[in-house]
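These are the residues of each chain, in order.
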Amino acid sequence: MALSSYKLLQNLKNSANYQRLNTNDDMEWGWDTLESTADANISDDTFNVLIHPNSSRGTGAVRGDKPFVPGHIYYWEIKVDGSPMATDMIVGVGTKDFDLESSKNEFTSLIGSDKKSWGYSYKGVKHHDGETLIYGQKYDQGDALIGVRLDMSRGTLEFFLNRVPLGVAFEKLDNVNLYPMVCSTACRTNFTIKYCRSLPVNLQFYCLQAFDSSKNPLVPFGIMKMIMDSWWIPKSFST
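What you see is a predicted model, and the numbers here were worked out from it, not measured in a lab.

Q: Quick rundown of the overall build of the chain? Include the residues and the values.
A: The secondary structure content of the chain amounts to four helices and 14 strands. Burial analysis of the chain (239 residues in total) assigns 51% to the buried set. For the chain, long-range pairs separated by at least 24 residues make up 67% of all intrachain contacts whose partners lie at least 6 apart in sequence. When the accessible area of the chain is evaluated, it comes to approximately 11300 Å², of which 49% is carbon and sulfur surface.

What follows is the structure, encoded as structure tokens:
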């Protein structure tokens, strides 16, 4: 299976052009202050949410402020910092009508508890429609960086742990109206958006997917900029 070229990103960061290429355009959405449980405190820039700031009596959750558009591919990274004693902490996606408040007085695995949500738990399992399956590694030791790649053209959802790919977790999501979501039962759980980008799946996308800059040392600045901005897309060449 083709994987994101993280090695390509590191090579670009070490290049002389990196400072010119580095921009602040890597954040396309934030947490929605109107789409969260009462015990979720969202920062002014909307990139961080603190769930259960004082004490926990159930499951807190928040939804992103922008929906995912059909025909696009998305990638985002969330730094998770929470207690390893939590009933559950989950990063995932869900529909607009998924009820964030349904477990506010219960300690439960909220995301993935019904047909309207899909998630990756800190326990190393995936959740959907009330079913739990072993999926990837646990992320219960301190903070962790969870990557999520949603391909709304192919309908696939996959996760990454500290930029290690875990494989496709869910399929057949191309015709579903989805938003990013997180939830936790633990006191003082931080979910911080570190990166979120998207691209339409078109001819330019397929060209970027096939482009291997390691075999083209004299890359024009404009093309290098596009490569830098799309380091997270699955490459069609072997790495």
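The discussion continues.
Q: Kindly report on the sheet that holds strand β4 (residues 60-64), identifying the contributing residues and their values.
A: One open sheet accounts for seven strands, arranged β1-β4-β13-β6-β7-β8-β9; its pairing is antiparallel. Edge positions in the sheet fall to β1 (31-36) and β9 (131-134), since each has one partner strand and no second. Strand-to-strand twist of the sheet, defined as the mean angle between neighbouring strand axes without regard to direction, takes the value 25 degrees. Where strand β6 (residues 89-95) and strand β7 (residues 117-121) come together, five bridges link them in antiparallel fashion. The residue of β7 that forms the bridge with G94 is S117.

Q: Outline the pairing of β9, listing residues and values.
A: With four bridges joining them, strand β8 (residues 125-128) and β9 adopt antiparallel strand pairing. Counterpart to H128 in the pairing with β9 is E131. Between β8 and β9, which pair antiparallel and follow one another directly, the connecting turn spans two residues, one of which, D129, has a positive phi of 55 degrees.

Q: Outline the pattern of salt bridges, supporting the account with residue identities and numerical values.
A: Using the criterion set out here, one finds eight salt bridges in the structure. Residue R197 pairs with E28 through a salt bridge whose shortest N-O separation is 3.6 Å. Taken as a pair, R197 in strand β14 (residues 189-200) and E28 in the loop between α2 (18-21) and β1 lie far apart in primary sequence, 169 residues in all. For R197, a relative accessible area of 12% translates into the label buried. Of the charged contacts, one joins E35 and K96 as a salt bridge, the two residues approaching to 3.4 Å between their closest N and O atoms. Pair noted here: E35 is in strand β1 and K96 is in the loop between β6 and β7, with a separation of 61 residues, a long-range link. Among the charged side chains, a network of salt bridges with common partners joins E35, R63 and K96.

Q: Break down the packing of aromatic side chains for me, citing the residues and quoting the values.
A: What the rule picks out here adds up to 15 aromatic pairs. Summarising the aromatic geometry, the rings of Y75 and F160 are spaced 5.6 Å apart at their centres and angled 80 degrees between planes, so their arrangement reads as edge-to-face. Linking Y75 in strand β5 (residues 72-81) with F160 in strand β11 (residues 156-161), this pair joins segments that are 85 residues apart in sequence. The buried category is assigned to F160, whose relative accessible area is 0%. Through successive ring pairs, a cluster of aromatic residues spans W29, W31, F68, Y74 and W76. A cation over an aromatic ring shows up here: K126 above the ring of F170, its NZ or CZ 5.4 Å from the ring centre.

Q: Lay out the confidence of the model for the chain in plain terms, naming residues and giving numbers.
A: Summarising the model, the chain shows a mean pLDDT of 86, and 84% of its residues fall at 70 or more. pLDDT under 50 marks residues 1-5. Its contacts with residues more than four places away, or in other chains, come to 20 contacts. For residues 16-23, every residue scores under 50 in pLDDT, and the model assigns this stretch nine contacts once sequence neighbours within four places are set aside.

Q: Lay out the sheet that holds β5 in plain terms, naming residues and giving numbers.
A: The strand order across the open sheet built from seven strands is β2-β3-β14-β5-β10-β11-β12, with neighbouring strands paired in antiparallel fashion. If you trace the sheet from one side to the other, it starts and ends with β2 (40-42) and β12 (164-170), each paired once. Averaged over all neighbouring strand pairs, the angle between strand axes comes to 25 degrees, with direction disregarded.

What counts, and where the lines are drawn
Residues numbered from 1 in each chain as written. Predicted model: local features only at pLDDT ≥ 70, side-chain atom pairs only at ≥ 80, totals over all residues. Heavy atoms only, no water. Helix = DSSP H or I, 4+ residues; strand = E, 2+ residues; numbered from the N terminus. Buried < 20%, exposed > 50% of the residue type's maximum accessible area, 1.4 Å probe, protein only. Contact = heavy atoms within 4.5 Å. Areas by Shrake-Rupley, 256 points an atom, 1.4 Å probe, with all protein chains shown as cover. Pairing = 2+ DSSP bridges. Axes fitted to C-alpha atoms, helices over the stretch in contact; angles between N-to-C directions. Salt bridge = Lys/Arg side-chain N within 4 Å of Asp/Glu carboxyl O. Phe/Tyr/Trp six-rings, centres within 6.5 Å; stacked < 30°, edge-to-face > 60°. Lys NZ or Arg CZ within 6 Å of the ring centre and 35° of its normal. pLDDT = per-residue confidence, 0-100.

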